Amino acid sequence: KYLNNQITNLNKVQDKFNISSTKIVFFIEPNSFEINYENLFRPYWKGFDGRQQLFNFNGQELSNSESSKIVKVFDDIYSTEIMNLSYKILYIDPIIFPKWSFYDAVHYTENGADFLSDFFVEFFNDDKN
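In short, a report on the structure. On a predicted model such as this, the values are computed, not experimentally measured, just so you know. (Residues numbered from 1 in each chain as written. Predicted model: local features only at pLDDT ≥ 70, side-chain atom pairs only at ≥ 80, totals over all residues. Heavy atoms only, no water.)

Ile-35, Leu-40, Phe-41, Ile-92, Phe-97, Phe-102 and Leu-116 form the largest nonpolar core, which has seven residues in total. Other than its neighbours up to four places away in sequence, Phe-102 contacts Pro-30, Asn-31, Ser-32, Ile-35, Leu-40, Pro-94, Phe-97, His-107, Tyr-108 and Thr-109. Counting five residues, the second-largest nonpolar core is a separate cluster that includes Leu-3, Ile-7, Ile-24 and Ile-82. (Core = buried A, V, L, I, M, F, W, Y, C linked by side-chain atoms within 4.5 Å. Buried < 20%, exposed > 50% of the residue type's maximum accessible area, 1.4 Å probe, protein only. Contact = heavy atoms within 4.5 Å.)

Given below as structure tokens:
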């Protein structure tokens, strides 16, 4: 229901400004839940894991793997709906990010930001997009 409301609002903006759906690209934000600790945090973090795990209905903190599975369910819902509406969708596997690219579940260090910016430049400079 939320997604449908947002798409309706987007369609209103598209109509108002005459923007084709082919010019709109959605990006599914990668997360670091499935990245090994050693590839995520530098040694000076001394075992601290900065990722914010999700919580279940009983208020118990979930593991990184469990949090990842839940986020994936929502990412899949968004992706399916967006593709069904003929919008472009971009996704990058977080596993291919260089070491130390995230400082928590979804925020990037300078390594991650540089890698992601190169990804966007390559995508938007590709004549097929």
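From this point, the discussion proceeds with the structure in view.
Attention shifts here to the packing of helix α1 (residues 2-17) against helix α3 (residues 64-84). Between α1 and α3, the least distance of the axes is 11 Å, while the angle of their chain directions is 40°. Taken as axis vectors, α1 and α3 run oblique relative to one another. Both α1 and α3 take part in a crossing whose hand is right-handed. Residue-level contacts link Tyr-2, Leu-3 and Asn-4 of α1 to Ile-77, Tyr-78 and Glu-81 of α3. Split by residue class, the contact of α1 with α3 holds four nonpolar, one polar and one charged. (Axes fitted to C-alpha atoms, helices over the stretch in contact; angles between N-to-C directions. Helix = DSSP H or I, 4+ residues; strand = E, 2+ residues; numbered from the N terminus. Parallel < 35°, antiparallel > 145°, perpendicular 65-115°, else oblique. Left-handed = near helix turned anticlockwise from the far one by under 90°. Nonpolar A, V, L, I, M, F, W, Y, C, P; charged D, E, K, R; others polar.)

Taken together, the side chains of Ile-70, Val-73, Phe-74 and Ile-77 present a nonpolar region at the surface, about 350 Å² in accessible area. Summarising the element assignment, Ile-70 is placed in helix α3. (Patch = residues over 30% accessible without salt bridge, like charges linked within 9 Å, V, L, I, M, F, W, Y side chains within 5 Å. Areas by Shrake-Rupley, 256 points an atom, 1.4 Å probe, with all protein chains shown as cover. Salt bridge = Lys/Arg side-chain N within 4 Å of Asp/Glu carboxyl O.)

The residue Gln-53 is located in the loop between α2 (37-40) and α3 in this model. In terms of polar contacts, Gln-53 uses its side chain to reach the side chain of Asn-64, at 2.7 Å. (Polar contact = N/O pair within 3.5 Å; in protein donor to acceptor, adjacent residues only side chain to side chain.)

By the definition in use, this model includes twelve aromatic pairs. Note on Trp-45 and Phe-48: the rings are 5.9 Å apart at their centroids and 15° apart in plane angle, and the pair reads as stacked. Residue classification places Trp-45 among the partly exposed residues on the basis of a relative accessible area of 25%. Ring geometry for Phe-102 and Tyr-108: centres 5.3 Å apart, planes at 50°, overall tilted. Overall, the relative accessible area of 1% leaves Phe-102 in the buried class. These aromatic residues form a ring-pair network of at least three members: Phe-27, Phe-119, Phe-120, Phe-123 and Phe-124. (Phe/Tyr/Trp six-rings, centres within 6.5 Å; stacked < 30°, edge-to-face > 60°.)

Take the pattern of salt bridges next. Think of it this way: side chains of opposite charge can pair up when their charged atoms draw near. Using the criterion set out here, one finds three salt bridges in the structure. With a shortest N-O distance of 2.8 Å, Arg-51 and Asp-49 are connected by a salt bridge. The exposure class of Arg-51 is buried, given its relative accessible area of 6%.

It is worth spelling out the side chain of Ser-101 at this point. On the secondary structure map, Ser-101 appears in the loop between β2 (88-91) and α4 (110-125). Within the structure, Ser-101 has its side chain in polar contact with the backbone oxygen of Pro-98 (distance 2.6 Å). Apart from residues lying up to four places away in sequence, Ser-101 is in contact with His-107, Tyr-108, Thr-109, Asn-111 and Gly-112.

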